[in-house]
Amino acid sequence: MTYTLPASALCRFMAFAALVAGLLSCQGERSPTRSTASASRDGGSSAARREDGSLRRVRAAGVLRWGGDVQGGAPYVYEDPDHAGRNKGFEVDLANALARELGVRAEFVQNDWSALVPSLERGTFDVILNGLEVTRPRVGRVRFSRPYYVFAARLMARRDNPRVRADINALRGLRVGTLTNSFSEEILKDHAEIVGYEGTEEPYADCVAGRNDAVLLDDIIANIYGVPKPELRVVGDLQDGFYSIASRPADNDLSLALDAALARIIERGELEQILRRENIYNDRQLGLRTWGDAEQQRMLGLGPSAPGSAGPPGAAVSSTAPHRMSFGQVVLFVKGAGVTLLLSVLAMMLAIPLGLGLAVARLYGPAPLARIAGAYVEFYRGTPVLLQLYVLYYGLASVVRLDAFVAAILGLGMNYAAYEAEVYRAGIQGVPKGQMEAALSLGMSTPLALRRVVLPQAFRMALPSVTNDFIALLKDSSLVSVITVVELTKRMTIVAVDTRSYVVPGLLCAFLYFAMSYPLSIFARRLEERLARS
Amino acid sequence: MIEVKNLKKVYGDRAVISGVSVSFEKGKVVALIGPSGGGKSTLLRCINGLEDFQGGEIHVGGEVLHPGGYAKNKRALLALRQRVGMVFQTWNLFAHRTATGNIIEAPVHVKGLSVEAATKRARELLERVGLSHRADAYPHEMSGGEQQRVAIARALAMDPEALLLDEPTSALDPERVGEVLDVMRALANDGLTMLVVTHEMKFAREVSHRTLVLHGGAIIEDGPSHDVIERPTHERTKAFLGHTR
């Protein structure tokens, strides 16, 4: 789980990487998960089964490469504050123990958390060991080991909000924050209005600020990020979930070996020691000692689920293979495209006049104003837009509580204004000086001369760059998912998880972006031609 | 109607105009001649405030310009420029407007004339400069001579009391010079006050009433055009005229 701020969502790149990874992994996805899952349960009885070489490969290499994201922070995998560049955390200890059992060395591979599964599929590492929750969509893509941690989906709310009760059916109509594509999100589907976050700190900050009514996340996360906030209270735990080691479905040998190794580690009490070191051991972990096939089947949602205990949310839907997008999802996609388009248009409508004002102030304003305009441009161009969005939405929440969509428009608009200002400045400076002189000599004031003579010509020169910027903005707008706005790219990642495949949602997403930007290119070219003719 | 008193203009530590005093009468055509860098164009540009100056003052009609540029003379400049038209060496027609569009721009947006009235007047002015057939042409569709004639019509559209022309024929192809000079000659005959920076000695001698010779930022010769050009007294003038003849 877990996954904090900045670099978090370079969604755009990520989504594209995921798309490519998805395309590469078509084969793997189609493999019948149900049968491999039961094969793993057969354990020793399938000695006659043909080896697939995965365990031999790891042993030959002498390393077990495990993927995770140190950004998730304590207690999972995090940089040791006393030894810069060294990692610690209960998953580091567990990985070392597992590697030792296999007779190899553990090697950590840093990977953006939200792209762990695609990276596993393309072979960046052998296993994922990083708070990866067993959820229905993931069961369709990876092979899960027996669990190494049992967590609870913990509901938190403001102390002064008595409406929130520890009952999934009582959340209807409430805005509940959680991490995108998490176990908690799966639980909340159809029960509450989900506010999706990319980091662990933000949902709780927003809860304090009143931007959401409650937060549902793994108890480990809640204890670190939510419980310390005096304004919040623990409402209760809704459902248990599991962290498991994920491997490629085709790597059967390795999976079996890991399951056996994990069993030994648990049996001799080593896992308990590891968990106690990070103070996350509790009674929930007792069941791990007696874990058997029946529990594993239930966890994966493949067997009968006992009352009170957990299968992955939505496990009742029997199919775990990739499936088609429903009509409803296509509608949501088009809506996502609508959000992207509306957001981009409104942001550009802010950026154009603001940029024009900045350019004119810089060129014709009195010295102090020109300096302020210059500083604005340098500041907004010189710092990442992601950070600006973050500061605007979370950083200033105590001063001004902006609606997420409004913050997105302001953040993108103010950022793009800096770029527009430079485009217009170049355009204005490209208009021959004689044009201004001629206008002034006819008795026009400087503002009138600018408006009637210089700017119309500057605009013509700037038009290609403005179009270019708008198309860039259309795609940059995907960054606003970090402040909980669900636009096209975000919609794609959500649907991709639901359908277990990035291929169709990815292509549809790409198509929709193209369908928005290409007509704009055509329109701009026509406009340029028309202006050039006059 | 135009009076320049002790005008001083420097670029860095180089004096471009060093204490020029001169006055121009209504209804007369004055030619400003002299070698390049002598200060002719600068004097003209100071008179309608396109250049700031460091000393002296300039009276045009009732308006007075002091050193300090646009910031210090805003009101005087806006009023003055409506009374004094300017024609540039490189025409400077508004590239995004037709001939008519160029001419009506200032009457409509500065004087507040209706588009219809301004367009009607533009038609008359185009006829006056012989370009009725080019009313809807864009600058890039016209020859230099045509553009300069439109530029003159544009300046005239504001009904100026005087017209300042800064080397109006210098950037033209030789065969196009005549058509512009013809227009200027006609304007002189109509009694328009004109200050013309020029290298056309024939025009200066035949059309202008008075000729000033500027050299090194000072007026070194000033008198009736015929006398100055035919019988110059200053050595520099003789040398200059010797070169141009």
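Predicted, not measured: the structure shown is a model, and the values here were computed from it.

S.K.: Go over the overall build of chain B with me, naming the residues and quoting the values.
M.R.: When you go through chain B residue by residue, the secondary structure sums to nine helices and ten strands. Its C-alpha atoms give chain B a radius of gyration of 18 Å, near enough to 18 Å, the size a compact globule of 245 residues would have. Summarising its shape, the C-alpha atoms of chain B cover approximately 50 × 40 × 30 Å along the three principal directions. Per-residue burial for chain B yields a buried fraction of 50% across its 245 residues. Residue pairs at least 24 apart in sequence account for 61% of intrachain contacts in chain B once pairs closer than 6 positions are excluded.

S.K.: Residues and numbers for the overall build of chain A, please.
M.R.: Scanning chain A from N- to C-terminus turns up 21 helices and ten strands. Residues classed as buried in chain A amount to 48% of the 534 residues present. Sequence-distant contacts in chain A: of pairs separated by 6 or more residues, those separated by 24 or more amount to 76%.

S.K.: Describe the interface of chain A and chain B, listing the residues and the values that go with them.
M.R.: Listed per partner, the contact involves 16 residues of chain A and 18 residues of chain B. Residue assignment for the side of chain A that touches chain B shows that the elements contributing at least two residues are α18 (433-441) and α19 (446-476) of chain A. When its residues are assigned to classes, the side of chain A that touches chain B shows seven nonpolar, seven polar and two charged.

S.K.: Give a detailed account of the sheet that holds strand β7 (residues 175-179) of chain A, specifying residues and quantitative values.
M.R.: Residues and elements named next belong to chain A. Strand order in the open sheet formed by eight strands is β4-β1-β5-β10-β6-β9-β7-β8, and the pairing between neighbours is mixed. Looking along the sheet, the strands with just one partner apiece sit at the ends: β4 (105-110) and β8 (193-197). Sheet strands touched by helix α11 (residues 252-267): β5 (127-128), β6 (143-158) and β10 (232-247). Its angle to β6, the strand with the most contacts, is close to 65°.

S.K.: Got a sec to walk through the nonpolar core? Specific residues and values, please.
M.R.: A general feature of soluble globular proteins is that nonpolar side chains tend to end up buried together. Leu98(A), Ala214(A), Leu389(A) and Leu32(B) are the most contacted members of the largest nonpolar core, which has 218 residues in total. It is helix α17 (residues 404-430) of chain A that provides the largest number of residues to this core, a total of 13 residues. Domain assignment of the residues forming this core places at least three in each of domain 1 (1-7 + 40-321) and domain 2 (327-533) of chain A. Filtering out sequence-adjacent residues up to four positions away, Ala214(A) remains in contact with Leu155(A), Met156(A), Ala157(A), Val164(A), Leu174(A), Val176(A), Cys207(A) and Val235(A).

S.K.: Please set out the pairing of β10(A) residue by residue, giving values where relevant.
M.R.: Successive side chains on a regular strand alternate, one facing one side of the sheet and the next facing the other. In the sheet, β5(A) pairs with β10(A) via two bridges, with the strands oriented antiparallel. Looking at β10(A), one finds that Ile128(A) is bridged to Ala246(A).

S.K.: Outline α11(A), listing residues and values.
M.R.: All names here are of chain A. The terminal C-alpha atoms of α11, which comprises 16 residues, lie 22 Å apart, in line with the 22 Å expected from a rise of 1.5 Å per residue. Within the span of α11, buried status applies to Asn 252, Asp 253, Leu 254, Ser 255, Leu 256, Ala 257, Leu 258, Asp 259, Ala 261, Leu 262 and Ile 265. Gly 269 sits one or two positions beyond α11 and adopts a positive phi of about 80°.

S.K.: Residues and numbers for the sheet that holds strand β5 (residues 63-65) of chain B, please.
M.R.: Residues and elements named next belong to chain B. Within the open sheet, the four strands sit side by side as β2-β1-β4-β5. Their pairing is antiparallel. Edge positions in the sheet fall to β2 (14-24) and β5, since each has one partner strand and no second. Each adjacent strand pair in this sheet contributes to an overall mean axis angle of 20°, direction not counted. Alignment of strand β1 (residues 2-11) against strand β4 (residues 55-60), held across five bridges, turns out to be antiparallel. Its bridge partner lying in β4, Ile 2 is registered against Val 60. In the packing of helix α2 (residues 69-83) onto the sheet, contacts are made with β4 and β5, and the angle to β5 comes to roughly 120°.

S.K.: Tell me about unusual backbone geometry, and please be specific about residues and values.
M.R.: One non-glycine residue, Thr484(A), lies in positive phi territory at about 75°. By secondary structure assignment, the location of Thr484(A) is in the loop between α19 and α20 (488-499). Located in the positive-phi region is Asn6(B), a residue other than glycine, with phi close to 50°. Along the chain, Asn6(B) falls in strand β1.

S.K.: Which residues make up the pairing of β8(A), and what values do they have?
M.R.: Residues and elements named next belong to chain A. When you tally the buried positions in β8, you get four out of five residues, the bulk of the element. Inspection of the sheet shows β7 paired to β8 by five bridges, in the parallel sense. If you follow Gly 177 over to β8, its bridge partner there is Val 195. In this region the chain leaves β7, passes through helix α8 (residues 183-188) and returns to the parallel neighbour β8; the handedness of that crossover is right-handed.

S.K.: Please set out α20(A) residue by residue, giving values where relevant.
M.R.: All names here are of chain A. Look at α20: 16 Å from first C-alpha to last across twelve residues, which is about the 16 Å you get at 1.5 Å a residue. The buried fraction of α20 amounts to ten of the twelve residues, a majority that puts the element mostly inside the structure. Within the sequence span of α20, burial applies to Leu 488, Thr 489, Lys 490, Arg 491, Met 492, Thr 493, Ile 494, Val 495, Ala 496 and Val 497.

S.K.: Tell me what's going on with the domain arrangement of chain A, and back it up with residues and numbers.
M.R.: Residues and elements named next belong to chain A. According to the domain assignment, chain A contains domain 1 (1-7 + 40-321) and domain 2 (327-533). Of note, the centres of domain 1 and domain 2, computed from C-alpha atoms alone, are 40 Å apart. Listed per partner, the contact involves 14 residues of domain 1 and 14 residues of domain 2. At the level of elements, β8 and α9 (201-209) are the ones that each hand at least two residues to the side of domain 1 that touches domain 2.

S.K.: Outline the packing of helix α3 (residues 99-109) of chain B against helix α4 (residues 115-128) of chain B, supporting the account with residue identities and numerical values.
M.R.: Residue and element names in this part refer to chain B. α4 packs onto α3 with a crossing angle of 130° between their chain directions and a minimal axis gap of 9 Å. Judged by the inter-axis angle, α3 sits oblique to α4. Read as a crossing pair, α3 and α4 show a hand that is right-handed. Across the interface between the two elements, Ala 99, Thr 100, Ile 103, Ile 104, Pro 107 and Val 108 of α3 pack against Val 115, Ala 118, Thr 119, Arg 121, Ala 122, Leu 125 and Leu 126 of α4.

S.K.: Give a detailed account of the environment of Tyr197(A), specifying residues and quantitative values.
M.R.: Residue and element names in this part refer to chain A. With respect to the element layout, Tyr 197 can be found in strand β8. Exposure remark for Tyr 197: the 28 C-beta atoms within 10 Å place this residue in the buried category. Excluding residues that lie within four positions of it along the chain, Tyr 197 makes contacts with Gly 177, Thr 178, Leu 179, Thr 180, Glu 202, Pro 203 and Thr 484.

S.K.: Talk me through the packing of helix α5 (residues 90-102) of chain A against α11(A); I want residue IDs and the actual numbers.
M.R.: Residues and elements named next belong to chain A. Between α5 and α11, whose axes approach to 9 Å, the crossing angle comes to 115°. Comparing their axes, α11 and α5 come out roughly perpendicular. For α5 against α11, the interelement crossing comes out right-handed. Along its contact with α5, which presents Ala 97, Leu 98, Glu 101 and Leu 102, the element α11 presents Ala 257, Leu 258, Ala 261, Leu 262, Arg 264 and Ile 265. Grouping the amino acids of the contact of α5 with α11 by side-chain chemistry returns eight nonpolar, no polar and two charged.

Criteria and thresholds
- Residues numbered from 1 in each chain as written.
- Chains lettered and ligands numbered in written order.
- Predicted model: local features only at pLDDT ≥ 70, side-chain atom pairs only at ≥ 80, totals over all residues.
- Helix = DSSP H or I, 4+ residues; strand = E, 2+ residues; numbered from the N terminus.
- Rg over C-alpha atoms; globule rule 2.2 N^0.38 Å.
- Buried ≥ 20, exposed ≤ 12 C-beta atoms within 10 Å, placed from the backbone.
- Contact = placed C-beta atoms within 7 Å.
- Nonpolar A, V, L, I, M, F, W, Y, C, P; charged D, E, K, R; others polar.
- Pairing = 2+ DSSP bridges.
- Axes fitted to C-alpha atoms, helices over the stretch in contact; angles between N-to-C directions.
- Core = buried A, V, L, I, M, F, W, Y, C linked by C-beta atoms within 7 Å.
- Domains from an automatic or database assignment.
- Expected span 1.5 Å × (residues − 1).
- Right-handed = clockwise from strand over helix to strand, strands pointing away.
- Parallel < 35°, antiparallel > 145°, perpendicular 65-115°, else oblique.
- Left-handed = near helix turned anticlockwise from the far one by under 90°.

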